[in-house]
Amino acid sequence: MDMEDKLKAIVTEAETAIESVESSRELDDFRVHFLGKKGILKELMKGMGRLSVEERPLIGKLGNEATQRIESLISQRRDWIRGRELEDRLSSEALDITMPGEIFEKGHLHPLNLVLDEIKGIFIGMGYKIAEGPEVDTVYNNFDALNSPKDHPSRSLSDTFYITEDLLLRTQTSPVQVRTMMANDPPIKVISPGRCFRYDELDATHSPMFHQIEGLVVDEHITMADLKGTLDLFAKRLFGEATQTKFRPHYFPFTEPSAEVDVSCFKCGGEGCRFCSYSGWIEILGCGMVHPHVLEECGIDSEKYSGFAFGMGLDRITMLKHEIDDIRLFFENDIRFIKQF
Ligand code: DAH
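A. Main features of the overall build of the protein. Across its full length, the protein carries eleven helices and nine strands. Computed over the C-alpha atoms, the radius of gyration of the protein is 36 Å, more than 25% above the 20 Å expected from 2.2 N^0.38 for a compact globule of 341 residues. In terms of its C-alpha atoms, the protein occupies a principal-axis envelope of roughly 115 × 45 × 40 Å. Once local pairs closer than 6 in sequence are excluded, the contacts in the protein between residues at least 24 apart make up 66%. Carbon and sulfur atoms provide 52% of the accessible area of the protein, an area that totals close to 19100 Å². Each charge class in the protein can be summarised by its mean position, and for the 40 positive and 58 negative side chains these summaries are 9 Å apart.

What follows is the structure, given as C-alpha cells:
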C-alpha cells in the first residue's frame, strides 16, 4: 500500500471506530490513538521523508485533510455525548410524580404520609375501602345533607372559606360520607383521608389547612358496639396493645348519639405527663351513629339500615406520635424536617 491508500484506510478506520465511542474518556483515547503525538497518523506521516520531492505536497495535503476529517468526527461525537449525558442526568434528576409520598431522597416520607399509610393499613386490614372527595365541595354536601342547622356557627363567613354562595372549601371530610352514600348502596365500609380548610389563625397547633380521615360504615344491624369495637381495635393497633379507649358523650349534627374518643396516654400509660396535659387521656376523634336524617337525605332506608361514622385529625395524631410540637413544620417544606422521617 502506498501512503495515499494508507491515509484513506486510517480515515475509514476512524469513521468506523467513532461509532463505538460512548463517553468523554473513550473520546480522549480515540484522539490519542489517531491524532496523538504517537498516534497512527503522525507515525505514518513520519514516512514523508522517504517520498520524492514531487510526491510530498500531495501527501501533505491528504494528511491535513485526514487530520481535519478526524477532528470533525471527534467534535461531532463530543456534541452527541454531551447531549446524551444531559438526557441521562435529566431523567435521573426528574421528580417521579407517580410517587407523591416519596420526597427527594429515597426512604424519606413526609410524616403525615407515614402515619396516613399506617392508618390506611389498619383499616384496609379490617376490610375498608378508600373513598375520595373534592376539596371544593357544595354547601349542601358539607352542611345541609349532614343535618347541620342553618344557624350553626361553623357555617359563618368567619369560620368557613366560601367560593360562592353554594361552594366552599370543605371544612371537614364528612361530605365524603354524603357522596359515598348517594353513589352506593349498603353495605358501605370506607375511610376517606383528605385536606380540609377552616378560617383559623395560624399558630403552633392551628392551621387553616389541615387533614382529616373520615370513616363510614352502613349496613343492616350496625350498632354502637360495632363502633366501639372498631375504634378500640384501631387505637390498639396504632398506639399499642395496652391502649385503652374512653367514649365521652358529645354533639355532632350528623350523628346520634355522638361521642368523642380519648385514648389512654401512650407516653405515660395513663399516669399523667406533658403529652396528655397530666390527665392520662388524649382526645383523638369524634364519632357516632349516623343520624337517620342523614341516611334518608342520602337515599338510604333508615328503617332497614344503620351505620356509624368517625372523623379524626391526621395532623394532631401525627404530632402526638412523632412528638412534633409545631403544625407549621408540616407545610413549610423544609427538607431538614422531612429527612428526620
Ligand atoms: N367532622 C367532625 C369535625 O370536623 C368530625 C366527626 C365527628 C366526623 C363525628 C364524623 C363523626 O364522621 O361521626 O369535627
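On we go from here.
B. Expanded view of the packing of helix H5 (residues 111-125) against helix H10 (residues 314-322). Where H5 meets H10, the axes come as close as 9 Å, and the angle between the chain directions of the two elements is 100 degrees. Viewed along their axes, H5 and H10 adopt a mutual orientation that is roughly perpendicular. Listed contacts from H10 to Pro 111, Leu 112, Leu 114, Val 115, Leu 116, Glu 118 and Ile 119 of H5 are Leu 314, Asp 315, Ile 317, Thr 318, Lys 321 and His 322. Class assignment for the residues of the contact of H5 with H10 results in eight nonpolar, two polar and three charged.

C. Region of the structure containing the packing of aromatic side chains. Taken as a whole and assessed by the stated rule, the structure comprises eleven aromatic pairs. Just above the ring of Phe 275 sits the side chain of Lys 267; from NZ or CZ to the centre is 5.1 Å.

D. A look at the pattern of salt bridges. As enumerated under the stated definition, the model contains 17 salt bridges in all. Residues Lys 46 and Glu 43 are paired through a salt bridge, measuring 3.1 Å at the closest nitrogen-oxygen approach. The exposure class of Glu 43 is partly exposed, given its relative accessible area of 38%. Of the charged contacts, one joins Lys 267 and Glu 323 as a salt bridge, the two residues approaching to 2.7 Å between their closest N and O atoms.

E. Seen up close, the pairing of strand E9 (residues 306-313). Bridge analysis of strand E5 (residues 209-219) against E9 gives eight bridges, and the strand direction is antiparallel. Among the inter-strand pairings, Val 218 is bridged to a residue of E9, identified as Gly 307. Examined bridge by bridge, strand E8 (residues 281-290) and E9 share five bridges and lie antiparallel to one another. Pairing of Cys 287 across the sheet is with Phe 310, part of E9.

F. Representation of the site of the ligand. The environment of the ligand is made up of 15 residues, and the closest members are Gln 172, Gln 177, Arg 198, Gln 212 and Glu 214. At 2.8 Å from an oxygen atom of the ligand is found a side-chain nitrogen or oxygen belonging to Arg 198. Between the ligand and Glu 214, the relevant distance is 2.6 Å, taken from an oxygen atom to a side-chain nitrogen or oxygen of the residue. Across the complex, the protein chains shield 90% of the 360 Å² of accessible surface that the ligand would expose by itself. Of the residues assigned to the shell around the ligand, the class counts are five nonpolar, eight polar and two charged.

G. H5, seen in detail. Between the first and last C-alpha of H5 there are 21 Å, a value that for 15 residues agrees with the 21 Å anticipated at 1.5 Å per step. Among all positions in H5, only Pro 111, Leu 112, Val 115, Leu 116, Ile 119, Ile 122 and Phe 123 are buried. Seen end-on, H5 carries its buried residues on one side only, within an arc spanning 125 degrees. The secondary structure elements touched by the buried residues of H5 are strand E4 (188-197), E5, helix H8 (224-239), E9, H10 and helix H11 (335-338).

Rules behind the numbers
- Residues numbered from 1 in each chain as written.
- Predicted model: local features only at pLDDT ≥ 70, side-chain atom pairs only at ≥ 80, totals over all residues.
- Heavy atoms only, no water.
- Helix = DSSP H or I, 4+ residues; strand = E, 2+ residues; numbered from the N terminus.
- Rg over C-alpha atoms; globule rule 2.2 N^0.38 Å.
- Contact = heavy atoms within 4.5 Å.
- Areas by Shrake-Rupley, 256 points an atom, 1.4 Å probe, with all protein chains shown as cover.
- Lys, Arg positive; Asp, Glu negative; His and termini not counted.
- Charge placed at Lys NZ, Arg CZ, Asp CG, Glu CD.
- Axes fitted to C-alpha atoms, helices over the stretch in contact; angles between N-to-C directions.
- Parallel < 35°, antiparallel > 145°, perpendicular 65-115°, else oblique.
- Nonpolar A, V, L, I, M, F, W, Y, C, P; charged D, E, K, R; others polar.
- Phe/Tyr/Trp six-rings, centres within 6.5 Å; stacked < 30°, edge-to-face > 60°.
- Lys NZ or Arg CZ within 6 Å of the ring centre and 35° of its normal.
- Salt bridge = Lys/Arg side-chain N within 4 Å of Asp/Glu carboxyl O.
- Buried < 20%, exposed > 50% of the residue type's maximum accessible area, 1.4 Å probe, protein only.
- Pairing = 2+ DSSP bridges.
- Near = heavy atom within 4 Å.
- Polar contact = N/O pair within 3.5 Å; in protein donor to acceptor, adjacent residues only side chain to side chain.
- Expected span 1.5 Å × (residues − 1).
- Arc of directions from axis to C-beta.

So far we have only geometry, and geometry alone does not tell us how the molecule works.
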